[in-house]
Amino acid sequence: MALSTQPYKGARDFYPEDKRLQKYMFAKWRQVAERFGYEEYDAPILEPLDIYLAKTGDEIVNEQTYAFEDRGGRKVVIRPEMTPTVSRMVAARRQELGYPLRWYSIPNLWRYERPQRGRLREHWQLNVDIFGVKDTSAELEMIILVDAIFRSFGAKSDMYEIRLNDRVLVDYLLADYLGLNEKSRQTVSKLIDRMPKMSRSVFISKVDESLTAKQREAGVTEKLLALLDAKKLQDLPAEAQKQPSAQELKTVLDQLKAAGIKTARFDGTLMRGFDYYTGVVFEVFDTNPENNRSLLGGGRYDGLVGLFGVAPVPTVGFGWGDVTLANFLETHRLLPALQPETDVYVALIGDVSHQATPIVADLRQGGLNVAVGAAGKKIGDQLKNADKKGIERVLIIGETELKNGMFTVKNLKTGQETKVAAAKLAKAIKEA
Ligand code: HAM
């Protein structure tokens, strides 16, 4: 039986046209992150299992990691996310680094998920994190940066919605307001996190199951539903609105509005799957019903760096996957027609490789990316080859051209041809 040509399930091959799209997205990500003063870092794709066991979220560690033992008997994981890694790196140089520390990275991550639209087993994820800022100016900067990235792709603000919640506020609501013990708080938080994946009635019955009979009779489920239905902070009970966490969230929302970001709102159902978040959490959703999904997510996690045995560092950051971004751009018709990297294809007529070499070298010296056709191939085949690669401009070099010192530059798209002297070739190609 012939070997399969398919890549591993849930993972992608990047043919040049796919890579071109990826390069376009990454370039914008890098450009905006750097415009905000973030520096790029990277790290190994393998990490010791321990750093995920410490604090990440059960689902990702128990069900979604590619974990194995290396030949030396060490338990390792192919990183499913970057946050524990970047925290480890910051902790390693806790004293030397200058704060606020602004770092970004675009790692390839692996999670053993059921592949579906927007979810694969492998994805690239922009991670932007700011370390060393306690107050909400960090959250504000992060969301303004996210918004700037959207705009750099040509997105309009009605194409996405930024939703915010706060872990401390959630804890207050579940523990103090509803009176849930730690175990039911955990169960209910996970249920809320998975709420979009189940019907309301299933959600209600699962919540009921996690409560005591007394709590059910006291109407805890109904109270919880009312909290989750709140569309604005002002819909929450008055005592909840007085909590410092709610006030803080209000400050962030007000400041975002003042910064011209009108699409941000409170969402009491927003949980974020990870255990490490300690304050404001946020996610951005596509508003198009055809792609009604979360595009990116993040929040404040003040405790992770401290797990590595150093004084804690307050941190805010987010992760944004390439798959969800590509789906978003496609849904909103924001994908540009991407040009191949090659500027010109040199078609050779007859055995002229030798004489063509210095001309090609000159063009490359002049800043052009040049691909050369195979000598001995029919001119028609060479033009077809250029066309297949999407290269618009062709330079024809043959015996006659070399003798006369005049060359044909052809635009395959418009069909236009010009005869140009060798010295003016680079300019003519750029203008063709
Ligand atoms: P996350 O919500 O697991 O957060 O992932 C962030 C984003 O990565 C998602 O919104 C989505 O765009 C993308 N993503 C995640 N899993 C997949 C998948 N299986 N296939 C395709 N795309 C995916 C985190 O990973 C946090 N560590 C983010 C963070 C950074 N928090 C603070 N700093």
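Quantities reported herein were computed from a predicted structural model and do not represent experimental measurements.

Participant: Help me understand the side chain of Arg-272 in this model?
Facilitator: With respect to the helices and strands, the residue Arg-272 is situated in the loop between strand S9 (264-266) and strand S10 (280-286). Here Arg-272 falls in the buried class, since its relative accessible area comes to 13%. Not counting the four nearest positions on each side in its chain, Arg-272 is found in contact with Arg-167, Asp-193, Tyr-277, Val-281, Phe-282, Glu-283, Gly-297 and Gly-298.

Participant: What should I look at first to understand the site of the ligand in this one?
Facilitator: By nearness alone, 26 residues border the ligand, and Glu-81, Thr-83, Glu-113, Tyr-277 and Leu-295 come closest of all. At 3.2 Å, a side-chain N or O of His-123 approaches a nitrogen atom of the ligand. Between Leu-296 and the ligand, the recorded distance is 3.5 Å, taken from a backbone N or O atom to an oxygen atom. Against a free-state accessible area of 660 Å², the protein chains account for coverage of 97% of the ligand. Elements supplying a minimum of two residues to the shell around the ligand: strand S7 (122-131), strand S11 (294-300), strand S12 (315-321) and helix H13 (322-331). For the shell around the ligand, the residue count by class is nine nonpolar, 11 polar and six charged.

Participant: Can you help me understand the sheet that holds strand S3 (residues 66-69) in this one?
Facilitator: Backbone-to-backbone hydrogen bonds pair the strands of a sheet. The strands run either parallel or antiparallel. Strand order in the open sheet formed by three strands is S2-S4-S3, with antiparallel pairing between adjacent strands. Looking along the sheet, the strands with just one partner apiece sit at the ends: strand S2 (46-48) and S3. Strand-to-strand twist of the sheet, defined as the mean angle between neighbouring strand axes without regard to direction, takes the value 35°. The pairing of S3 with strand S4 (residues 75-78) spans four bridges and is classified as antiparallel. Bridged to Ala-67 within S4 is Val-77.

About the thresholds
Residues numbered from 1 in each chain as written. Predicted model: local features only at pLDDT ≥ 70, side-chain atom pairs only at ≥ 80, totals over all residues. Heavy atoms only, no water. Helix = DSSP H or I, 4+ residues; strand = E, 2+ residues; numbered from the N terminus. Buried < 20%, exposed > 50% of the residue type's maximum accessible area, 1.4 Å probe, protein only. Contact = heavy atoms within 4.5 Å. Near = heavy atom within 4 Å. Polar contact = N/O pair within 3.5 Å; in protein donor to acceptor, adjacent residues only side chain to side chain. Areas by Shrake-Rupley, 256 points an atom, 1.4 Å probe, with all protein chains shown as cover. Nonpolar A, V, L, I, M, F, W, Y, C, P; charged D, E, K, R; others polar. Pairing = 2+ DSSP bridges. Axes fitted to C-alpha atoms, helices over the stretch in contact; angles between N-to-C directions.

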